[in-house]
Amino acid sequence: MPAAALDRQRSFDQWHHTRWTASDGAPTGIRKISQTADGWLWLGSTSGLYRFDGVRFERFTPDEDPDFGARPVSTLAAGPQGGLWVGLLDGGIARIDPAGRLTVYPLPADLPSFQTSRLALTAGGQAWAMVSDRLLVFEGGTWRHPDAYFHAPATAPTALHTDANGALWVASDDRWFQLDPERQQFVEKVRGLSAGRAIRIVSGSSWVVTADGLFPLPGSEQRGGSPARQADSSAIWVDAQANLWSAYCPAGLCRTRLPVGWSDARTPLPLPPVTDAWTRRDGLTSDIGMTVLEDRDGHLWVATQTGLDRFRDTALARLTPSSAATNFLLQPYRQVEGDGQWRQHLLLSAVDATHGSLLWRWNEQQGFSPIHWPRDGGRIRALHRDGEGREWVGSTTGLWQLDKGQPRPIAPPASALEAPYCPQLQSSRQGLWVLFSSIGLQLWRDGAWRASPFPGLENERPTAFALEGDSAVWTGYATNRVMRTDAQGSRRYDAGDGLTVGAVNYVHSGRHVLVGGDRGLQVLIQGRFHSLRSTQPEALRGVTGAVETAEGDLWLNGQKGAVRVPAAALTRLAVDPDTTLDLQVLDVNDGYPAAAMALGPQSSAAASGRQRLWFAGLEGIATLDLDHLPPQATGPQVLWLGVAADQHWTHAQDHVPLPAGTQTVSVRFTALELGVPEQVRFEARLQGVDADWRPLGTQRELSYSHLSPGRHQLEVRAMRGDGPASTPATLTFTLRPTLMQTVWMRAVLLLGLLMLMALVLRWRLGVQARRSHEQLRIRMDERAQIAQQLNDTLLQGLHGLTLHFQKVANRMGPKDPNRPLMETALNRADELILRGREQVTELRDDLRRQHLDVAVAWSHQGERRAAAQYRQFLMEVEGTPRALRVGAEEALQAIGQQALNEVFDASTGPSAVRACLQWRWWGLRWTVSADGVTPDWSPPANTRPDWQALLAPLAAHVRMRQRGGWQLTVCVPALRLYEHPYWPWALPGQGGGVSAD
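Everything quoted here is computed from the prediction, not taken from an experiment.

**Structural notes on the nonpolar core**
By size, the foremost hydrophobic cluster in this structure holds 36 residues, and its most contacted members are L892, W926, W947, L968, V970 and L977. Among the elements of the structure, α4 (852–868), α5 (888–906), β69 (913–920), β70 (923–931), α6 (944–951), β71 (957–961), β72 (965–973) and α7 (974–977) are those that each provide at least two residues to this core. Ignoring sequence-local partners within four residues, the contact set of L977 consists of A883, L884, R885, A888, L892, L924, L954 and V972. Counting residues in hydrophobic clusters, the runner-up holds 27 residues, among them F12, W15, F57 and L284.

Structure representation (structure tokens):
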């Protein structure tokens, strides 16, 4: 049975009613409703098979047959272990397993028609069906006629039913047969009882509902275990609150209140008359009802010809004497009736656009009864009942008293020059405190106006007040000011004490002092006023009433509805005034009548008894039984519905692969809260994208764009109202990379980028080299010009001078003592001229020597060393000589000479020395080898510092090997050697190295 059912004490207009028609996506012609074990509501209609989560109607489109959901459905049956059986109008019976897979089974070909009228499932999962007044059983994967072994009724079946024990019953010709679970044979159990209009399980027994009454089915009593839940709808439904619901009555939905405990006697019950009905005029989708279902949470679903309706209980019970009235005021009270029982009463008023203020009295037995209110009484602004049972009314024309139900005006104080406006009333042992807008706070006691026991209030004009027992009074003013006044004097609070509410329109005094105004609500904590903070700030706006319960909770009445501040949150608030409060809000979805009455300053909330609260709203009165306050339950579990890659939808499953190039990933999900789906809020978090939970509100679909390829994990959780969140549901999907997003393609692109950078670097180096060469050419031209000028002027002139001095010397005699000195000077002059000419010749030479000079120089040195040692020297040159960088030739000459010297010094005997010079694109290789090694030759380490100094400028490397002889190889990279290098990675500053083996 459901965990709850609709409160039998309430009427239709006190339940929350929601309707869906074709404009809302609801199917028409719904013939059957079933709720499967996973919580989904399935709708079988003439327009197809749908499932419903409380928000969205979704046509069932399985992968096995996407068009299956459009086939007309005749009946449904939810399996006890999950899954759903579907009877089709156009023939066949289908099964949907718990995983959503579809299998359609054909019917026997000998049937006169193929329309399935009934389906039933036993406790063991065996399926039975009524098709064309024939009984069929599902065995061996096919539907067939039952064998003779079953002893099935010989006449046509008229009803199928599974009792609380899971046993199958079949009705035929006013007889009922039960399928024996052990022998698997039908046994006649009842005679003379028709199939009736429906058969329902009540208190563990099956009852046949006919036009005359309800009749028990003997032998169907539950033999143990928890009460069975009926998952399939029926034209008639009986709930746990003894409400009988009928979809044929003959118009709309009818309710019949059955006697409490009627099923205990297990005797036939005559059907009582209909208690009340709800028709299309009241808001039902159609007067032609089809079927009724109570879901597992106690909500009532009604399918009609044109749509779907839902009725559910609410935390607040709403009372409204007139749909045309608004701005309600209330004064609840309890009194002892004639039978000695305490009963709830209510004095309330409202405003009607046609009649002005209206006044009523309400009690639990008689409901609403009007009280005459004179037109000259003005608009009612306050209601109050004092401790002695006297009833008072404050209006725009002054103070009134209800004397035996008749309003009687009270003469205003003498200080009032005209009929004073009276917006608020309260009483204490001192008397009735009356607030007049024009003359302030006045005290009425013993039939006369008395002086205030609190001095200092006579000249004040407060806009609201609250009594602190009998000892003090709190008054609020339009100038953002509050005062507490007692017998000793007054204490003033204003902006200097943290008060920022603006014009005060409500004051509450109890365990907490609350002040409401144009700018919000504040509470007094440790001598200062503080604003209340909450994750739902709108719930704390427009507060015009407050009640503190015995448990320490604070209830507020505001524009959002009834708001509960738990005692634990108030305890935290006393320690930390800046704490964020956790609130429980009961709004219109919980039965609240629109928003709080905003006329003020009379409180719009009141307590009556210990566990009952009352709230006045714009559209009625709401009452709350604290003993039945629903707890803040954990949010429903999130279910995944579908995943889309660029709006191409597929069924949701974990580890969903999505195609390469997907720009937008969309996900649909839901949470099965069929009663208040509008209160379910969602939060999502995509790992690696969302740093924290992302609030979605009531949205049940979200999208992410431009996600990187790879594995992604999405989490979604749900919350019911302000309650705790559910365990997050996780969906993993993988975005396949495009060609450009693959690792190897990125590596190729990176390599290409590096090559492009290398080419740019090569071009840049070439530009710099050409610029350097051009600068060098200019300098060389300048040097050649200087050399020419030196040769043409200085040297030629000096030579001419020497000739003149020689002529003078020739004229000196041989015996002349100055002749030797002159000869010596002339010889020195000749040497200087010769040396100058040699240097000028070097300056005039082209510094860009042919690179063949390197090979020639090395060849000449090798030949000289070989001739000195009477040995043979052989040299080869491979490749095309290349232009060398400026300054590289000198360093290269030194390296080559050092290599030749090393080989000649390390080798001995008449062996030949061989050399090979190779010009390559990557650089230059110089190899020198010889046979035989000098016994006293020292290892190459002794020469390593010399080599390091030679190799470093060109970042060259040398390798020495001793294997029966001696071989030395020098490699020089192109970047440091050639004028236009082909490869740029041998960068300057790498240095050189020597290795030997």
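**So, the packing of aromatic side chains**
Summed over the entire model, instances satisfying the criterion amount to 36 aromatic pairs. With centroids separated by 5.8 Å and ring planes inclined at 80°, the aromatic side chains of F12 and W245 adopt a geometry described as edge-to-face. One end of the pair, F12, is in the segment before β1 (16–21); the other, W245, is in strand β22 (residues 243–246), and 233 residues separate them in sequence. Between the aromatic rings of W433 and F454, the centroid separation amounts to 5.9 Å while the plane-to-plane angle is 10°, which identifies the pairing as stacked. On the criterion of sequence distance, the pair formed by W433 in strand β39 (residues 431–436) and F454 in the loop between β41 (448–450) and β42 (464–468) is long-range, its members being 21 residues apart. Here F454 falls in the buried class, since its relative accessible area comes to 3%. Taken together, the ring pairs in this structure connect F12, W15, W245, W278 and F311 into an aromatic cluster. The ring of W40 carries R51 above its face, with NZ or CZ at 4.0 Å from the centroid. The lysine or arginine in question, R200, covers the ring of W237, its NZ or CZ lying 4.2 Å from the ring centre.

**Thoughts on a nonpolar patch on the surface**
On the surface, L750, L751, L753, L754, M755, L756, M757, V760 and W763 cluster together into a nonpolar patch covering about 930 Å² of accessible area. With respect to the helices and strands, L751 occurs in helix α2 (residues 743–811).

**Comments concerning the environment of G591**
Its location among the elements puts G591 in the loop between β55 (584–586) and β56 (605–607). As a C-alpha pair, G591 and Q305 span 286 residues in sequence and 28 Å in three-dimensional space. Dropping the residues within four chain positions of it, G591 is found in contact with T314, L316, R318 and A622.

**As for the sheet that holds strand β5 (residues 57–59)**
One key point about sheets: their strands pair by backbone hydrogen bonds, in either a parallel or an antiparallel sense. Overall, antiparallel pairing links the 4 strands, which are arranged β2-β3-β4-β5 in an open sheet. Taken across any chain shown, the strands that pair with only one partner, and hence form the sheet edges, are β2 (30–35) and β5. Adjacent strand axes in the sheet meet at a mean angle of 25°, parallel and antiparallel pairs treated alike. Taken together, the 5 bridges between strand β3 (residues 41–45) and strand β4 (residues 48–52) define a ladder with antiparallel strand orientation. Looking across to β4, one finds that G44 is bridged to L49.

**A look at the UniProt feature "domain: Two component regulator three Y" (unreviewed entry) in the protein**
Mapped onto this numbering, the UniProt entry gives "domain: Two component regulator three Y" (unreviewed entry) at residues 677–734. Between the end C-alpha atoms of residues 677–734 there is a gap of 31 Å, over a span that is 0% helix and 57% strand.

Definitions and limits used
- Residues numbered from 1 in each chain as written.
- Predicted model: local features only at pLDDT ≥ 70, side-chain atom pairs only at ≥ 80, totals over all residues.
- Heavy atoms only, no water.
- Core = buried A, V, L, I, M, F, W, Y, C linked by side-chain atoms within 4.5 Å.
- Buried < 20%, exposed > 50% of the residue type's maximum accessible area, 1.4 Å probe, protein only.
- Helix = DSSP H or I, 4+ residues; strand = E, 2+ residues; numbered from the N terminus.
- Contact = heavy atoms within 4.5 Å.
- Phe/Tyr/Trp six-rings, centres within 6.5 Å; stacked < 30°, edge-to-face > 60°.
- Lys NZ or Arg CZ within 6 Å of the ring centre and 35° of its normal.
- Patch = residues over 30% accessible without salt bridge, like charges linked within 9 Å, V, L, I, M, F, W, Y side chains within 5 Å.
- Areas by Shrake-Rupley, 256 points an atom, 1.4 Å probe, with all protein chains shown as cover.
- Salt bridge = Lys/Arg side-chain N within 4 Å of Asp/Glu carboxyl O.
- Pairing = 2+ DSSP bridges.
- Axes fitted to C-alpha atoms, helices over the stretch in contact; angles between N-to-C directions.
- UniProt positions renumbered as here; feature names shortened; annotations may be inferred.

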